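# Examining the three-dimensional arrangement
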Amino acid sequence: MSGGPVARVLVDSPLPQLDQLFDYVVPARLSAVVRAGQRVRVPLRSGGRIAQGWIVELAESSEYGGRLAELDDIVSEVPMLDDDVWRLARRLADRAAGTASDILRLAIPSRYVRAEKAWLADMTPPGPLPVEPPPIAGYDEGAVERGLRDGERMTLAALPQPVRLDSGAWVGAWAVTLADAAVRTLADDRSAILVVPDYRDQDQIEAALAERVDPSRLIRTDARQPGAERYRGLLRAGEPVARVIVGNRSAVYAPAHRLGLIGLWDDGDALQAEPLAPGVHARDAALVRQEQSGAALLFLGHTRSVDVQRLVEIGWVHAVPRARAVRPHVVITENQAAADERARAARIPSTAWTAAAEAVRIGPVLVQVSQPGYAPSLVCETCREPGSCTTCGGALASPTATGAPHCRLCGRSAADWHCANCDGTRLRGATVGSARTAEDLGRAFPAVRIVRSDGEHPVLTVDATPQLVVATRGAEPIAEGGYRAVLLLDGERMLLRESLRVAEDCLRWWSNAAALAAPAAPVFLVGVGGAIGTALATWRHDRWASAELAARRELRFPPAVRVATVRARREHLEHALTALDELGTAVDVLGPVPEDAGLERAIVRADYAAATRVAEILKAEQIRVATERRRPVAGQPVRKAPTLRVRFDDPEVS
């Protein structure tokens with residue numbers, strides 16, 4: 001036993017063997033200011049290095065029998081690691097076979113001294129709490145309010161139409177629903193965390209909240225903010241004051257005083273998946289945090305993700321029905337040839353072309369396309385072989401009508417390209433992007449304004465004047481009063497993408513675009529029928545999600561099971577897979593298959609009951625591989641330390 005005050009520290013390191021608490025003696029010079037949650041510097045035994053870490057807890061003594069090192073220094077006296085956030089990070093890291101420090105690196109931004117000093121000097125008291133919040137309209141009377149009060153897990157189908165705020169701004173009805181839930185939570189002096197995919201959604205939810213919440217009670221946090229602004233927002237979130245915190249996927253980790261609500265908009269959006277290790281989806285983080293905190297959890301979307309459908313079917317989340325059915329007027333069109341040559345050039349069937357031509361006389365019309373650019377993919381004009389880069393093999397694209405084609409992977413110009421199959425030297429477009437579609441529509445409607453919105457040319461809102469808006473999926477602007485018609489093009493091409501979730505994604509993209517239409521305005525889905533077309537036309541996304549889940553359950557595809565991707569050299573991979581044999585039929589393995597750099601990859605599928613044990617075994621294997629001794633060979637360079645990489649719920653697989 002070691003006497004004296006002891007700080008238990010999590011070292012900020014991605015090394016799996018350091019993913020534990022280490023005891024350090026608190027020196028007398030720091031004893032008066034040291035507190036749990038502070039960022040500190042600590043010595044490491046290897047090479048006398050100094051690393052940063054977090055004080056997780058303080059103790060009177062240590063059970064370690066040897067001599068403890070001392071804390072080197074305190075980085076900041078302000079505690080940044082909330083106890084609730086620490087428990088969340090620890091649980092999520094264990095669930096994903098990752099390290100808690102990787103989670104905390106996402107949750108807590110780098111320190112900005114000026115922002116911290118300005119926050120410490122700001123003694124402005126928070127504004128008043130909302131009084132008499134309005135009922136949450138559109139659902140069974142009192143159902144959502146009861147769920148918020150009792151800390152339930154709920155999923156809601158959003159009203160598919162735009163609405164006008166008192167300020168005159170137009171937002172999706174979903175933003176008003178989510179804002180009303182947050183206001184009701186705040187009125188009870190509890191905090192709410194609202195997680196949305198990107199800045200467009202944040203702007204809408206903030207506009208809806210601005211009319212209901214005092215500005216001092218609202219915090220925005222996202223990756224687009226300057227670092228100092230984000231850091232100060234996190235400092236404010238940690239105050240003992242109820243607030244509404246709005247942000248992208250990392251906002252789910254924000255500290256919150258008396259957390260009462262976690263709301264997720266559009267959990268199926270790919271932006272809700274965290275690309276950085278250990279790759280925990282915002283939905284999973286929200287589910288764990290709700291379980292730990294007892295706050296209410298609300299999933300809201302125009303569609304229901306298959307993951308949430310599984311939670312509904314096992315009784316973990318309950319669906320709150322709408323008071324009455326509301327759906328857009330969706331028309332499924334065949335891929336017939338249009339009589340008008342201009343319509344054929346724009347890939348629009350006759351019925352949709354006629355309706356769009358009439359609608360654009362009175363207001364804006366939305367045309368959704370699959371890809372940005374002019375010609376997103378090119379083929380040889382002679383043999384139709386896909387054009388590929390002669391340097392790296394990447395696909396070729398043409399950004400403009402007159403510009404030279406370039407590689408989409410390495411960016412090199414392909415001005416001197418020749419076909420490896422037939423030696424042809426001319427390329428032609430195989431697909432049409434937003435720029436080409438806008439050009440074709442501009443020729444067809446010379447007197448109508450053409451607006452293009454995509455990743456390179458984002459447009460957030462358009463007015464109610466006649467105009468044609470060509471937008472890629474997810475980049476559709478909000479129109480005042482809603483669009484007078486919506487055309488969903490390239491549906492067949494979108495469904496050709498190689499992904500387990502391609503149909504789910506397409507249904508969500510189309511539904512989000514359809515929800516921007518004015519009441520009774522026609523929405524044309526071009527060239528797509530079958531079950532997915534019926535789901536959009538009838539607006540019964542829950543039935544489609546249930547059928548999709550049943551199909552995946554038969555094939556043992558996620559989310560019916562949990563999936564982990566394991567990459568390592570063959571000997572390490574075989575050892576890790578052998579260690580999973582103890583779990584029997586609850587686990588099965590696909591592969592291994594070879595990859596680059598001498599690595600192999602295997603996909604481990606596990607029942608949910610066995611997934612925790614799978615994560616424990618794979619984490620132990622990571623530590624074993626990372627700490628195995630390597631003897632240097634004379635005359636040869638020192639080999640890089642071997643690694644075994646594990647990614648649960650890998651989006652490349654699921």
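Everything that follows concerns the structure shown earlier in this document.
No experiment lies behind these values; they were computed from the predicted model shown. What you see as residue numbers is a count from 1 along each chain, following the sequence as written. Where totals are concerned, whole chains, interfaces and linings use all residues; where local detail is concerned, this predicted model gives features only for residues with pLDDT of at least 70, and gives and counts side-chain atom pairs only at 80 or more. Values shown for side chains rest on all heavy atoms present in the structure; no hydrogens or waters enter the calculation.

### Here we look at the sheet that holds strand E1 (residues 6-11)
This is how the line gets drawn: Strands qualify as paired when DSSP identifies two bridges or more between them. Only DSSP runs of H or I reaching four residues or more are called helices, and only runs of E reaching two or more are called strands; each is numbered from the N terminus.
Overall, antiparallel pairing links the 5 strands, which are arranged E2-E1-E4-E3-E5 in an open sheet. Every other strand in the sheet has two partners, leaving strand E2 (21-25) and strand E5 (73-74) as the edge strands with one partner each. Judged from the 5 bridges that link them, strand E3 (residues 39-43) and strand E4 (residues 50-59) form a sheet pairing that is antiparallel. Each bridged residue has a counterpart across the sheet, and for Arg 39 the counterpart in E4 is Trp 54.

### Regarding the packing of helix H14 (residues 502-514) against helix H16 (residues 541-555)
The axes of two packed helices give the description: the angle between them and the distance between them. Note the cut-off: Inter-axis angles, ranging from 0 to 180 degrees, are taken between N-to-C directions of lines fitted to C-alpha atoms, where helices are fitted over the stretch in contact. Should an angle fall under 35 degrees it is called roughly parallel, over 145 degrees roughly antiparallel, and 65 to 115 degrees roughly perpendicular, with every other angle called oblique. Residues count as neighbours in contact if any of their non-hydrogen atoms are within 4.5 Å of one another.
Packing of H14 against H16 leaves a shortest axis separation of 11 Å and a crossing angle of 170 degrees. Taken together, the axes of H14 and H16 are roughly antiparallel relative to one another. Residues Ala 503, Glu 504, Leu 507 and Ser 511 of H14 lie in contact with H16, whose contacting residues are His 541, Trp 544 and Arg 552.

### Quick look at the sheet that holds strand E9 (residues 191-195)
Spatial ordering of the open sheet is given by E10-E11-E9-E12-E13-E6-E14, a layout of 7 strands whose pairing is parallel. Edge positions in the sheet fall to strand E10 (218-221) and strand E14 (318-320), since each of these pairs with one other strand and no more. Within this sheet the neighbouring strands show an average axis-to-axis angle of 20 degrees, counted without direction. As paired strands, strand E6 (residues 153-157) and E14 are joined by 3 bridges and run parallel to one another. Paired with Leu 156 across the bridge in E14 is Val 320. Along the sheet face, helix H6 (residues 199-210) touches E9, E10, strand E11 (244-247) and strand E12 (259-265) and points at about 175 degrees away from the line of E10. Helix-sheet contacts for helix H8 (residues 282-293) involve E6, E9, E12 and strand E13 (296-301), and the interaxial angle to E12 is about 160 degrees.

### Let's talk about the pairing of strand E26 (residues 522-526)
For clarity, the cut-off: Each residue's exposure class comes from its accessible area (1.4 Å probe, protein chains only) as a fraction of the maximum for that residue type: buried when under 20%, exposed when over 50%, partly exposed otherwise.
Of all 5 residues in E26, 5 are buried; the element is thus mostly enclosed. In terms of strand pairing, strand E15 (residues 329-333) meets E26 through 5 bridges, oriented parallel. In the strand pairing of E26, Thr 333 is matched with Val 526. Alignment of strand E25 (residues 485-488) against E26, held across 3 bridges, turns out to be parallel. Paired with Leu 488 across the two strands is Leu 525, which belongs to E26.

### Here we look at the environment of Leu 58
Mapped onto the elements of the fold, Leu 58 is located in strand E4. Using a relative accessible area of 40% as the deciding quantity, one classes Leu 58 as partly exposed. For Leu 58 and Ser 305, which are 247 residues apart along the polypeptide, the C-alpha to C-alpha distance reads 42 Å. Setting aside residues up to four positions removed in sequence, Leu 58 forms contacts with Val 6, Ala 7, Val 26, Val 34, Arg 35 and Ala 36.

### Quick look at the side chain of Thr 333
Structurally, Thr 333 is set in strand E15. Under the relative-accessibility criterion, Thr 333 is labelled buried at 6%. Dropping the residues within four chain positions of it, Thr 333 is found in contact with Pro 349, Thr 351, Phe 524, Leu 525, Val 526, Gly 527 and Val 528.

### Structural notes on the pattern of salt bridges
Opposite charge on two side chains allows them to pair when their charged atoms are near. Counted only if it meets this: Between Lys or Arg on one side and Asp or Glu on the other, a salt bridge is scored when a side-chain nitrogen of the former is within 4 Å of a carboxyl oxygen of the latter.
Tallied over the entire structure, the rule returns 53 salt bridges. As a salt-bridge pair, Asp 542 and Arg 540 come within 3.1 Å of each other at their nearest N and O atoms. In this structure Arg 540 comes out as partly exposed when scored by relative accessible area, which is 33%. The partner of Glu 582 in a salt bridge is Arg 613, with the nearest N and O atoms 2.9 Å apart. Taken together, the residues Glu 582 in the loop between helix H17 (570-579) and strand E28 (587-594) and Arg 613 in helix H18 (residues 608-627) connect sequence positions 31 residues apart. For Arg 613, a relative accessible area of 33% corresponds to the partly exposed category. A cluster of three or more residues bridged by salt bridges with shared partners is formed by Asp 267, Arg 283, Asp 307, Arg 501, Glu 504, Glu 548 and Arg 552.

### What about the pairing of strand E27 (residues 562-568)?
In terms of burial, E27 is largely enclosed, as 7 of its 7 residues are buried. On E27, burial covers both faces: Arg 562, Ala 564, Val 566 and Ala 568 on one face and Val 563, Thr 565 and Arg 567 on the other are all buried. With 7 bridges joining them, E27 and strand E29 (residues 600-606) adopt antiparallel strand pairing. Within the sheet, the bridge partner assigned to Arg 562 lies in E29 and is Ala 606. Of the pairings in the sheet, the one linking E27 to strand E30 (residues 645-648) comprises 4 bridges and is antiparallel in character. Note that in E30 the partner of Ala 564 across the bridge is Phe 648.

### Some points on the packing of aromatic side chains
Operational definition: By convention, a stacked pair of Phe, Tyr or Trp rings (six-membered ring in the case of Trp) has centres within 6.5 Å and planes under 30 degrees apart, an edge-to-face pair has planes over 60 apart, and any other such pair is tilted.
Applying the stated criterion across every chain yields a total of 3 aromatic pairs. Between Tyr 112 and Tyr 231, the aromatic rings sit 6.5 Å apart at their centres with planes inclined by 50 degrees, giving tilted as the arrangement. Taken together, the residues Tyr 112 in the loop between helix H2 (100-107) and helix H3 (113-121) and Tyr 231 in helix H7 (residues 227-237) connect sequence positions 119 residues apart. Take Tyr 231: its relative accessible area is 0%, and that puts it in the buried class. With 5.1 Å between their ring centres and 35 degrees between their planes, Trp 353 and Phe 445 make a pair best called tilted. Highlighted residues: Trp 353 in helix H11 (residues 350-359) and Phe 445 in the loop between helix H12 (434-444) and strand E21 (449-453), separated in sequence by 92 residues. Trp 353 gets classed as buried once you look at its relative accessible area, which sits at 9%. Classification of Phe 445 as buried rests on a relative accessible area of 14%.

### Overview of the side chain of Glu 145
Applied cut-off: The charged-residue count follows a simple rule in which Lys and Arg add positive charge and Asp and Glu add negative charge, with His and chain termini not counted at all. Distance and chemistry together define a polar contact, namely a pair of N or O atoms within 3.5 Å, with one atom able to donate a hydrogen and the other to accept it when in protein, and with adjacent residues in sequence counting only for side-chain atoms on both sides.
Considering the arrangement of structural elements, one finds Glu 145 in helix H4 (residues 143-150). It is Arg 184 that comes nearest to the buried, bridge-free Glu 145 among opposite-charge side chains, at 4.3 Å. At a separation of 2.8 Å, a polar atom in the side chain of Glu 145 contacts the main-chain amide nitrogen of Ile 136.

### Observations regarding the layout of surface pockets
How we decide: Each cavity reported here is a set of points on a 1 Å grid over the protein atoms alone in which a 1.4 Å probe fits but cannot get out, each pocket an open set with protein on both sides within 12 Å along at least five of seven lines, and each lining residue one with an atom within 4 Å of a point. Grid points are joined across faces, edges and corners, and a volume is the space filled by probe spheres set on the points. Polar here means any residue other than Ala, Val, Leu, Ile, Met, Phe, Trp, Tyr, Cys and Pro, which are nonpolar, and Asp, Glu, Lys and Arg, which are charged; Gly is therefore polar.
The space that makes up the second largest pocket amounts to roughly 640 Å³. Looking at the second largest pocket, it is lined by 25 residues, and the ones nearest its centre are Pro 14, Gln 622, Thr 643, Leu 644 and Arg 645. For the lining of the second largest pocket, the elements supplying multiple residues, two or more each, are E27, H18 and E30. A per-element tally of the lining of the second largest pocket places E30 first, with 3 residues. Looking at the lining of the second largest pocket, its residues break down into 13 nonpolar, 6 polar and 6 charged.

### A word on H6
Condition: Helix span, as expected, comes to 1.5 Å for every residue beyond the first.
Between its terminal C-alpha atoms H6 stretches 16 Å, which fits the 16 Å expected from 12 residues at 1.5 Å a residue. Tyr 199, Arg 200, Asp 201, Gln 202, Gln 204, Ile 205, Ala 208 and Leu 209 are the residues of H6 that are buried. A distance of 3.1 Å separates the backbone nitrogen of Arg 200 from a side-chain oxygen at the start of H6, and that oxygen is part of Asp 198.

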